[in-house]
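# Survey of secondary and tertiary structure
Residue strings, one per chain:
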Amino acid sequence: MKLLAPALTAIALACPLLAANAQPSPARADAGMLSRIGHWFGNDWDMGWETGSTWRVMASPYTYHYSYNPEHTNVYMLGVERQRFDGFLFGGSLFKNSFGQPSGYVYVGQHFDRLLGVEPMFAQLTGGLLYGYKPPFDHKVPLNYRGFSPGFVASVGWQFTPVWSAQVNVLGNSALMFQVSADFH
């Protein structure tokens, strides 16, 4: 069990190397209303969001902590994400952190399809602003200032259908978050 945290941290650090062999998400289907609104302002208005963008709604029913702490509570997460056709994404999530405090994460990142040449496998790297680790747990995340700190998440996932996917999010040297997602084109 003591080797689990270093092994998973190594996987998280290797994600950028694995993602280098992956390909950005291909153009996706009709964007619908955003496409029509974009034409009102001219073709440059959408900056790539018009063609093939996807909304992703996600939830996490379970998070596994690498080490036992009697103060840990169940972590639940709900979030939404916008993925552009070339893999660029932004999003946000609300969750109850490991110590029962309401928290949030807003981020930007990159989605990579066909990880290691496997069609349904993907990876994501995100970075952004984390909020919610307040006293007495403010020391549980690095560089925390009044509940705000930088956040980074590396993920590996599997696209089961054009709509449904699952992924594992590596939360630093603390935990693995298991997530299910639905994509809307």
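Let me begin by describing the structure that accompanies this report. Remember, predicted model here, so these are calculated numbers, not experimental data.

Quick look at the overall build of the protein now. The secondary structure content of the protein amounts to two helices and nine strands. Along the protein, helices and strands appear, N-terminal first, in the series α-β-α-β-β-β-β-β-β-β-β. The buried share among the 185 residues of the protein stands at 43%. A sequence separation of at least 24 residues applies to 52% of the contacts in the protein between residues at least 6 apart. As displayed, the protein offers around 10,300 Å² of accessible surface, 70% of which is attributable to carbon and sulfur atoms.

Our next topic: the nonpolar core. If you look at the biggest cluster of nonpolar residues, it comprises 14 residues, and the most contacted ones within it are Met77, Phe95, Tyr105, Tyr107, Leu130 and Tyr133. Elements represented by at least two residues in this core include exactly strand 4 (88-96) and strand 5 (102-113). In contact with Tyr107, other than residues within four places in its own chain, are Met58, Val80, Glu81, Leu89, Phe90, Gly91, Gly92, Thr126, Gly127 and Gly128.

What follows is about unusual backbone geometry. The linkage connecting Pro135 with the following residue, Pro136, adopts the cis geometry, with an omega of 10 degrees. Its location among the elements puts Pro136 in the loop between strand 6 (121-131) and strand 7 (148-159). In this structure, Arg114 is a non-glycine residue whose phi angle is positive, near 55 degrees. Turning to its location among the elements, Arg114 is positioned in the loop between strand 5 and strand 6. For Arg146, which is not glycine, the phi dihedral falls at a positive 55 degrees. Locating Arg146 in the fold gives a position in the loop between strand 6 and strand 7.

On to the side chain of Ser103. Among the structural elements, Ser103 can be located in strand 5. Residue Ser103 is classed as buried on the basis of its relative accessible area of 6%. A distance of 3.1 Å separates a polar atom in the side chain of Ser103 from a polar atom in the side chain of Asn97. Of note is the side chain of Ser103, whose polar atom sits 3.1 Å from the backbone oxygen of Gln101. Residues in contact with Ser103, not counting those within four places in the same chain, are Ser93, Leu94, Phe95, Asn97, Tyr131 and Gly132.

A surface patch of nonpolar side chains, about 520 Å² in accessible area, is lined by Trp55, Val57, Val80, Phe90, Val108 and Phe184. Owing to a relative accessible area of 41%, Val57 belongs among the partly exposed residues under this scheme.

Note on strand geometry: in a regular strand, side chains alternate between the two faces of the sheet. In terms of strand pairing, strand 6 meets strand 7 through 11 bridges, oriented antiparallel. Residue pairing for strand 7: Ala123 is matched across the bridge by Val156. Here strand 7 folds back onto strand 8 (residues 164-171), and the loop between the two strands holds four residues.

On to the pattern of salt bridges. Inspection of every chain in the model, using the stated rule, returns three salt bridges. As a salt-bridge pair, Asp183 and Arg56 come within 2.7 Å of each other at their nearest N and O atoms. You can see Asp183 sitting in strand 9 (residues 175-184) and its partner Arg56 sitting in strand 2 (residues 54-65), a full 127 residues away along the chain. Accessibility assignment for this pair places Asp183 and Arg56 in one class, buried. Of the charged contacts in the structure, one is a salt bridge between Glu119 and Arg114, with a shortest N-O distance of 3.9 Å. For Glu119, a relative accessible area of 56% gives the class exposed.

Thresholds, definitions, all that
- Residues numbered from 1 in each chain as written.
- Predicted model: local features only at pLDDT ≥ 70, side-chain atom pairs only at ≥ 80, totals over all residues.
- Heavy atoms only, no water.
- Helix = DSSP H or I, 4+ residues; strand = E, 2+ residues; numbered from the N terminus.
- Buried < 20%, exposed > 50% of the residue type's maximum accessible area, 1.4 Å probe, protein only.
- Contact = heavy atoms within 4.5 Å.
- Areas by Shrake-Rupley, 256 points an atom, 1.4 Å probe, with all protein chains shown as cover.
- Core = buried A, V, L, I, M, F, W, Y, C linked by side-chain atoms within 4.5 Å.
- Polar contact = N/O pair within 3.5 Å; in protein donor to acceptor, adjacent residues only side chain to side chain.
- Patch = residues over 30% accessible without salt bridge, like charges linked within 9 Å, V, L, I, M, F, W, Y side chains within 5 Å.
- Salt bridge = Lys/Arg side-chain N within 4 Å of Asp/Glu carboxyl O.
- Pairing = 2+ DSSP bridges.

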